[in-house]
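# Examination of the molecular architecture
Below, each chain spelled out in residue letters.
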Amino acid sequence: MNKRIDLHTHTTASDGSLAPAELVRLAVRENLGAIAITDHDTVDGVQEGQRAGAELSLEVVPGVELSTDLRNKTVHILGYFIDVTHPELTDKLEWARSVRAQRNHKIVERFNELGIEMTYEEAAAKAGRDVVGRPHFAAVLLEKGIVSSMQEAFDIYLKRDGKAYVPKFRFTPEQSVGLILKAGGLPVLAHPGSYSWSPLELDGAVGDLCELGLAGIEVLYSEHTPSQVQIFLDIVRRRDLLPTGGSDFHGDPKPEIALGVGRGDLSVPYRWLEAMKKRIG
Ligand SMILES: [Zn+2]
Ligand SMILES: [Zn+2]
């Protein structure tokens, strides 16, 4: 098989604009050899995608992308070939969702304790159809005249260590890698070019993750430069890791990234997927 593949895509199950079945139809139109569905902290889109893939003869790899705290950064860990019905995986993802939902209510409590009238509904009204988050609280503060700019809202109240700041829940690296391994999958460090790590920091982070059972690195990615790709390939060879690649397709939220080809020149070979399957056994 010489077709290109895309192992990093998002659907409406997280923040993509295409439903899983629509994504599969697009992949068939683009003549891709396989895709992986890797939504943020959820596997809810995978089975619909696989059903559509079975109908249209497109290989759909079950996946997930977990947000993880690593060395004071939010680092993404991809999981491939996971059992999306694995009870511990689905329980933990569900639990993480409920902890995140509570965060906004805790932010409201902080404001009320500070003597600022604020309700969750006010922030939700600013969010409209988006997921409620800190910018919406900032917009409410601005409207009430409590701050004179969004920046001020963040500086005084909402940034890390701000008066109304509540930390966002993220998995630890142990939890992310461990959960993917328990669900029978391959844990992969997502887009290592995105964390502004020095070569030394990158090597340290990859070393930490390898001790936990990391299986691969996302070498090819829409935003990686050719020299970054070389560096990541070297690490993969030196540590006997699997190279993976994908566009991080989201549809409308990131219109500049196309499925399969990223910014136009991405090409992930099918043989990389074969090597992953071999590692799974
Ligand atoms: Zn990511
Ligand atoms: Zn992603």
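### Quick notes on the sheet that holds strand β7 (residues 242-246)
Pairing is mixed in the open sheet, where eight strands are placed in the order β7-β6-β5-β4-β3-β2-β1-β8. Strands with a single pairing partner mark the edges of an open sheet, and in this sheet they are β7 and β8 (268-269). On the sheet, helix α7 (residues 173-182) packs against β3 (59-70), β4 (73-80) and β5 (186-189) and is oriented at approximately 160° with respect to β3.

### Describing the coordination of the zinc ion (ligand 2)
Around the zinc ion (ligand 2), the protein contributes the donor atoms His 8 (NE2), His 10 (NE2), Glu 65 (OE) and Asp 248 (OD), at 2.0 to 2.2 Å from the metal centre. Here the zinc ion (ligand 2) is ringed by four donor atoms whose angles at the metal span 81 to 174°, and the overall shape comes out irregular. Sequence positions of the donors to the zinc ion (ligand 2) reduce to the motif H-x1-H-x54-E-x182-D. The metal-metal distance between the zinc ion (ligand 2) and the zinc ion (ligand 1) is 3.5 Å, with Glu 65 serving as a donor to both.

### Here's the deal with the pairing of β5
The side-chain alternation of β5 yields two buried faces, one formed by Leu 186 and Val 188 and the other by Pro 187 and Leu 189. Here four bridges tie β4 to β5, and the two strands are oriented antiparallel to one another. Bridge pairing in β5 links Tyr 80 to Leu 186. Two elements, β5 and strand β6 (residues 216-221), share two bridges in a ladder whose sense is parallel. Bridge assignment links Val 188 to a residue of β6, and that residue is Gly 216.

### Considerations on unusual backbone geometry
Positive phi is not limited to glycine here, since Asn 31 has a value of about 65°. Following the sequence through the fold, Asn 31 ends up in the loop between α1 (20-29) and β2 (34-37). Positive phi is not limited to glycine here, since Asp 41 has a value of about 55°. Positionally, Asp 41 belongs in the loop between β2 and α2 (46-56).

Thresholds applied
Residues numbered from 1 in each chain as written. Chains lettered and ligands numbered in written order. Predicted model: local features only at pLDDT ≥ 70, side-chain atom pairs only at ≥ 80, totals over all residues. Heavy atoms only, no water. Pairing = 2+ DSSP bridges. Helix = DSSP H or I, 4+ residues; strand = E, 2+ residues; numbered from the N terminus. Contact = heavy atoms within 4.5 Å. Axes fitted to C-alpha atoms, helices over the stretch in contact; angles between N-to-C directions. Donors = N, O, S within 2.8 Å, 3.2 Å for Na, K, Ca; no water. Tetrahedral: all angles 85-135°; square planar, octahedral: opposite > 155°, others 65-115°. Buried < 20%, exposed > 50% of the residue type's maximum accessible area, 1.4 Å probe, protein only.

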